[in-house]
Amino acid sequence: MRVTADIPVDGDALRSDLERTAQFGAIDCEDGIGRTVLPGTPANARARSYLVDRMVAAGLEVRVDAVGNIAGRWTPPSCDPDAAPVAAGSHLDSVPEGGIFDGPLGVYAALESVRAIAASDLAVDRPVEVVSFTGEEGTRFADGVLGSSVAAGNRSVDDALALSDGEVTLEAALDDIGFRGDGRFDASEWDAWLELHVEQSGTLERADCPVGVVDSITGTTRCRVTIEGEADHAGTTAMADRTDALAAASELVLALESAATEIAATDSESAVATVGSLSVEPGATNVVPGHAELSVDIRDVDPASIERLADTLEATLTDLREDRGVAVECERPYDIPPRPMADRVHGALRDATHRLDVAAPSLHSGAGHDTMEVADATDAGLLFARSRGGHSHSPLEHTDWRDCTLATRVLATALADLAGATGA
């Protein structure tokens, strides 16, 4: 039976949890509210402990797995305790000097959804789990989505625990903060997964819509490129005699920009390509650069577009080798395909927006989230809340508290529906 009642989400309680969490790792900033919460740090320990306290207060049974993922299970008398649970959540870690909504909104919206369903007249058939994953942001120990990749079976517990930030392993850091548990959460045992996240761009704000239902998460390919030229004196080396690694790198940057712009204009508007870092050696004003290293980030919801841009990268490097005489190397260590959201979960979110009379366009996610890992293991869905000014990963990140509450109402309605709620 579809949920038709308005589940009594408490926006003040949600705000209180988020504002309290914002105090852990809080930073001084002139504009906005910022925090730095890296996995396995004291700030992360405090955020985790507060979440556990709030879960216990809500009547959830709390578990921690070997990589520090936290889950609180709600098993009301109405449900079959052996049924596969519906899970929802996000993460508590942040980027350095990040905002207060990215991650925590999804965790505490899931917790408030459980509190609200419990306070309603609804009876659910399945348990519900509230989950906080370890290390989503990729700021320490891994490139990102650390805990969810373990839960999805895409990374082993042993491999995850052995990851190091150059000084300590994840295992040691979790031991230090008291959050290395036992076993592994298995996302394939969840009947479905939901995540609420801030949008991190301006699509919803431009559309004047408080929430959006995500239909797919972009794929991401990252490459490391090395270009070797020849370092020479900037004053005595004729232009015709130079093998300038930086000049070659600049051609690569512009070729990728041009190719991505063309694909976005003609075939797939979500296609993007970025050279996000560039290091040059020897790095002196009066020396022709002899060495350049670049990082390339390619994303799209269409895997064919990703491959076209990767082909452009390889073809451009071949041209640079032949035309400029440089030596080139390219590694492709990070390759995550696009993830479509499950029709069943996408439909539950879409139905929830209709029942609550909330305008909610369908859109894709240009950023990766824990949901893209969980989607490999079970039916998954992702809901966005409007970001003011499109800001994220900075203290300027802000989602209006009314939008937070409304998005949580959508989440709670879909969560209850997937959990088999009856009685309304």
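Residues numbered from 1 in each chain as written. Predicted model: local features only at pLDDT ≥ 70, side-chain atom pairs only at ≥ 80, totals over all residues. Heavy atoms only, no water.

## What to know about the overall build of the protein chain
For the protein chain, the count of helices and strands is 12 helices and 17 strands. Projected onto its principal axes, the C-alpha positions of the protein chain cover 80 × 50 × 40 Å. Classification of the 424 residues of the protein chain by burial places 55% in the buried group. Put simply, 79% of the contacts in the protein chain that link residues at least 6 apart link residues at least 24 apart. (Helix = DSSP H or I, 4+ residues; strand = E, 2+ residues; numbered from the N terminus. Buried < 20%, exposed > 50% of the residue type's maximum accessible area, 1.4 Å probe, protein only. Contact = heavy atoms within 4.5 Å.)

## Topic: helix H1 (residues 11-22)
Helix length check: H1, at 12 residues, gives a terminal C-alpha distance of 16 Å against a target of 16 Å (1.5 Å per residue), a fit within 8%. Among the residues of H1, those classed as buried are Gly11, Ala13, Leu14, Asp17, Leu18, Thr21 and Ala22. Looking at the packing, one finds that the buried side of H1 touches strand E1 (26-27), strand E2 (34-35), helix H2 (42-57), helix H3 (104-119) and helix H12 (401-418). Backbone nitrogen of Asp12 and a side-chain oxygen of the N-cap are separated by 3.0 Å at the start of H1; the cap is Asp10. (Expected span 1.5 Å × (residues − 1). Polar contact = N/O pair within 3.5 Å; in protein donor to acceptor, adjacent residues only side chain to side chain.)

## A closer look at the nonpolar core
Counting residues in each nonpolar core, the largest one holds 78 residues, and the members touching the most others are Leu105, Tyr108, Leu194, Leu196 and Leu383. Looking at this core, the element that brings in the most residues is H12, giving 11 residues. Val225, Ile227, Ala292 and Leu309 belong to the second largest nonpolar core, which has 24 residues in total. (Core = buried A, V, L, I, M, F, W, Y, C linked by side-chain atoms within 4.5 Å.)

## A look at the sheet that holds strand E14 (residues 327-336)
With respect to topology, 4 strands assemble into an open sheet ordered E11-E13-E9-E14, the strand pairing being antiparallel. The open sheet has two free edges, formed respectively by strand E11 (272-281) and E14, since each of these has just one partner strand. Neighbouring strand axes in the sheet, compared pairwise and without regard to direction, differ in orientation by 15° on average. Here helix H9 (residues 303-324) sits on the sheet and contacts strand E9 (219-228), E11, strand E13 (291-300) and E14; the angle it forms with E14, its principal contact strand, is near 170°. (Pairing = 2+ DSSP bridges. Axes fitted to C-alpha atoms, helices over the stretch in contact; angles between N-to-C directions.)

## A few points about the packing of H3 against H12
A pair of packed helices is captured by two measures, namely the crossing angle of their axes and the spacing between those axes. The interhelical angle for the contact between H3 and H12, taken along N-to-C directions, is 60°, at an axis separation of 9 Å. Compared by their axis directions, H3 and H12 come out oblique. Seen along the crossing, H3 lies across H12 with a hand that is right-handed. Contact with H3, carried on its side by Leu105, Ala109, Ala110, Glu112, Ser113 and Ile117, involves Cys404, Thr408, Leu411, Ala412, Leu415 and Ala416 of H12 and no other residues of that element. Considering only residue class, the contact of H3 with H12 consists of 9 nonpolar, 2 polar and 1 charged. (Parallel < 35°, antiparallel > 145°, perpendicular 65-115°, else oblique. Left-handed = near helix turned anticlockwise from the far one by under 90°. Nonpolar A, V, L, I, M, F, W, Y, C, P; charged D, E, K, R; others polar.)

## Regarding the environment of Val275
Within the fold, Val275 resides in strand E11. Residue Val275 is classed as partly exposed on the basis of its relative accessible area, which comes to 25%. Sequence spacing of Val275 and Ile298 is 23 residues, and the spatial spacing of their C-alpha atoms is 8.9 Å. Discounting residues that sit within four places of it in the chain, Val275 has contacts with Val253, Leu256, Leu294, Ser295 and Val296.

## Thoughts on the packing of helix H10 (residues 343-355) against H12
At their nearest, the axes of H10 and H12 sit 8 Å apart, and the two run at 125° to each other. It follows from the interaxial angle that H10 and H12 lie oblique. The hand of the H10/H12 crossing is right-handed. Counted together, Arg344, Val345, Ala348, Leu349, Ala352, Thr353 and Arg355 of H10 and Val410, Thr413, Ala414, Asp417 and Leu418 of H12 form the full contact between these two elements. Looking at side-chain class alone, the contact of H10 with H12 contains 7 nonpolar, 2 polar and 3 charged residues.

## Considering H10
Taking 1.5 Å as the rise per residue, H10 with 13 residues should run 18 Å; its terminal C-alpha atoms sit 18 Å apart, in good agreement. Of the positions making up H10, those classed as buried are Val345, His346, Ala348, Leu349, Arg350, Asp351, Ala352 and Thr353. As for H10, its buried residues are in contact with strand E7 (192-198), strand E8 (211-217), strand E16 (362-365), strand E17 (380-385) and H12. After H10 finishes, the residue Asp357 shows a positive phi value of roughly 55°.

## Points about the environment of Ser90
If you trace the backbone, Ser90 turns up in strand E5 (residues 86-91). For Ser90, a relative accessible area of 0% translates into the label buried. When the C-alpha positions of Ser90 and Leu105 are compared, they lie 7.9 Å apart, and in sequence the two are 15 residues distant. Here Ser90 is in contact with Gly103, Gly106, Val107, Val131, Ser132, Phe133, Trp193, Glu195, His197 and Asp370, once residues within four sequence places are set aside. Here the side chain of Ser90 touches Glu195 through a polar contact of 2.7 Å, side chain to side chain.

## Quick word on the pairing of strand E3 (residues 61-64)
Strand direction decides the pairing type here: E3 and strand E4 (residues 70-74), joined by 4 bridges, are antiparallel. In the strand pairing of E4, Arg63 is matched with Ala71. The turn joining E3 and E4, which pair antiparallel and follow one another in sequence, is formed by 5 residues; a positive phi near 90° is taken by Gly68.

## Quick look at the packing of aromatic side chains
Two measures describe an aromatic ring pair: the distance that separates the ring centres and the angle between the ring planes. Inspection of the entire model under this criterion finds 6 aromatic pairs. Consider the rings of Trp190 and Trp193, whose centres lie 5.5 Å apart with planes at 15°: the pair is stacked. Note on accessibility: Trp190 and Trp193 belong to one class, buried. One aromatic cluster is present, built from ring pairs that chain together Phe24, Tyr50 and Tyr108. (Phe/Tyr/Trp six-rings, centres within 6.5 Å; stacked < 30°, edge-to-face > 60°.)

## Describing the layout of surface pockets
In this model, the largest pocket occupies a volume close to 570 Å³. Around the largest pocket, the lining comprises 30 residues; the ones closest to its centre are Gln200, Arg299, Gly366, Ala367 and Gly368. Sorting the residues of the lining of the largest pocket by element identifies helix H7 (203-207), E9 and E16 as the ones contributing at least two each. If you tally residues by element for the lining of the largest pocket, the top one is E16, at 3 residues. Among the residues forming the lining of the largest pocket, the class breakdown is 7 nonpolar, 15 polar and 8 charged. Estimates place the volume of the second largest pocket at around 220 Å³. For the lining of the second largest pocket, the secondary-structure elements that each account for two or more residues are E9, E11, E13 and E14. Of the residues in the lining of the second largest pocket, the class split is 4 nonpolar, 3 polar and 4 charged. (1 Å grid on protein atoms, 1.4 Å probe; cavity = no way out; pocket = protein on both sides within 12 Å on 5 of 7 lines; lining within 4 Å. Points joined across faces, edges and corners; volume = space filled by probe spheres on them.)

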